[in-house]
Amino acid sequence: GYVALGSQRGRGRVLRHHLFGEHMRPGTAMFRPDEFGELAAVCWTPGNADLLLLTRHGMGIRFAEKLLNPQGDLGIKLSDGDQLVAAISVDEDSQVFLAAADGRGTLRSMKSFAANKSAGGMGKLAMRTDQLTGGLVVNSTDDIFMISRLSKLIRFPINEVPETDGVVQGVACMQLRADEVTALSISRGLS
């Protein structure tokens, strides 16, 4: 397995898991903020999957994780004021739940989100929002937890969110007043 790291500036790095084993020296720098920007996302990958990078403005790019240089490389070009918010390991059969700060969410099929032949592109619109909070790979039996800035929590089964192949604003998953969604979590196979 591997660990994929992504910075707010859209730069990424994929490292072999053995670097994080018992021989790791405390204080070892895996990501240089002065060179790459602040760390924004981390995910485990099997080594032969695709990476899906998502930005605050709802843009996304998917490419083979092998395309990222282990020393670090540009994963996605960002527009002014945008930043990376999620790095997710996906394959052709993956379904990804995307959530926006306003409580809306959508379920995107990766079959309709084609992989790029290279990293470092502008990407394409994954969800119509200017405040994407993040994304998670989900199964049909999973429950999603959305957590707000004011510590409100909602749990719902992912099968209540309609799957889409196109770009949408999403459906209302959490009602908010003067608040915003700041975190997502998943519960595997619970009812």
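A. Inspection of the side chain of Ser-148 at higher detail. If you trace the backbone, Ser-148 turns up in strand β12 (residues 143-148). Judged by relative accessible area, Ser-148 falls into the buried class, the value being 3%. A polar contact of 2.6 Å, which involves the side chain of Ser-148, links it to the side chain of Asp-179. Once residues within four sequence positions are removed from consideration, Ser-148 is found in contact with Met-174, Leu-176, Asp-179, Glu-180, Val-181 and Thr-182.

B. Spotlight on unusual backbone geometry. Of note, Ser-151 is a non-glycine position whose phi angle comes to about 70 degrees, a positive value. Note that Ser-151 resides in the loop between β12 and β13 (153-157). On the accessibility criterion, Ser-151 (62% relative accessible area) is exposed. One non-glycine residue with positive phi stands out, namely Ala-178, at about 50 degrees.

C. Just the layout of surface pockets, in detail. The space that makes up the largest pocket amounts to roughly 210 Å³. Taken together, 14 residues line the largest pocket, and the ones lying closest to its centre are Val-42, Cys-43, Ala-87, Ile-88 and Gly-135. Mapped onto the lining of the largest pocket, the elements with two or more residues apiece are β3 (39-45), β7 (84-90) and β11 (132-138). Taken together, the residues of the lining of the largest pocket break down into eleven nonpolar, two polar and one charged. Grouping the constituent residues of the lining of the second largest pocket by class yields six nonpolar, three polar and four charged.

D. Layout of the pairing of strand β8 (residues 95-100). Most of β8 sits inside the fold, with six of its six residues counted as buried. Pairing between β8 and strand β9 (residues 104-109): five bridges, direction antiparallel. If you follow Leu-98 over to β9, its bridge partner there is Thr-106. The hairpin formed by β8 and β9 contains three residues between the paired strands, and Gly-103 there has a positive phi angle of roughly 95 degrees. Taken together, the six bridges between β8 and β11 define a ladder with antiparallel strand orientation. Considered in β11, the bridge of Phe-97 is made with Leu-136.

E. Highlighting the packing of aromatic side chains. Tallied over the full model, the rule gives one aromatic pair. Between the aromatic rings of Phe-97 and Phe-156, the centroid separation amounts to 6.0 Å while the plane-to-plane angle is 65 degrees, which identifies the pairing as edge-to-face. Linking Phe-97 in strand β8 with Phe-156 in strand β13, this pair joins segments that are 59 residues apart in sequence. Accessibility assignment for this pair places Phe-97 and Phe-156 in one class, buried. Stacked on the ring of Phe-113, the Lys or Arg Lys-124 has its end atom at 4.5 Å from the ring centre.

Cut-offs and rules
Numbers given to residues run from 1 along each chain, matching the order in which its sequence is written. Local features in this predicted model are restricted to residues of pLDDT 70 or higher, and side-chain atom pairs are both shown and tallied only at a pLDDT of 80 or more, whereas totals for entire chains, interfaces and linings draw on every residue. Each side-chain value is derived from all of the structure's non-hydrogen atoms; neither hydrogens nor water enter the calculation. A run of H or I in DSSP counts as a helix once it spans at least four residues, and a run of E counts as a strand once it spans at least two, with each numbered from the N terminus. Whether a residue is buried, partly exposed or exposed follows from its accessible area with a 1.4 Å probe, protein chains only, as a fraction of its type maximum: under 20%, in between, or over 50%, in that order. Contacts described as polar in this section are N or O atom pairs within 3.5 Å, which, within protein, must combine one atom able to donate a hydrogen with one able to accept it, while residues neighboring in sequence count only if both atoms come from side chains. In what follows, residue pairs with any heavy atoms lying within 4.5 Å of each other are defined as contacts. With a 1 Å grid spanning the protein atoms alone, the term cavity applies to any set of points in which a 1.4 Å probe fits but cannot get out, the term pocket to an open set with protein on both sides within 12 Å along at least five of seven lines, and the term lining residue to any residue with an atom within 4 Å of a point. Grid points are joined across faces, edges and corners, and a volume is the space filled by probe spheres set on the points. All residues other than Ala, Val, Leu, Ile, Met, Phe, Trp, Tyr, Cys, Pro, Asp, Glu, Lys and Arg, Gly among them, are scored as polar; the first ten of these are nonpolar and the last four charged. Here a strand pair is declared whenever DSSP counts at least two bridges between the two strands. Aromatic pairing here means that ring centres of Phe, Tyr or Trp (its six-membered ring) are within 6.5 Å. Orientation follows from the plane angle: under 30 degrees is stacked, over 60 is edge-to-face, and everything else is tilted. Counting as a charge over the ring demands two things of the Lys NZ or Arg CZ atom: a distance within 6 Å of the ring centre and an angle within 35 degrees of the ring normal.

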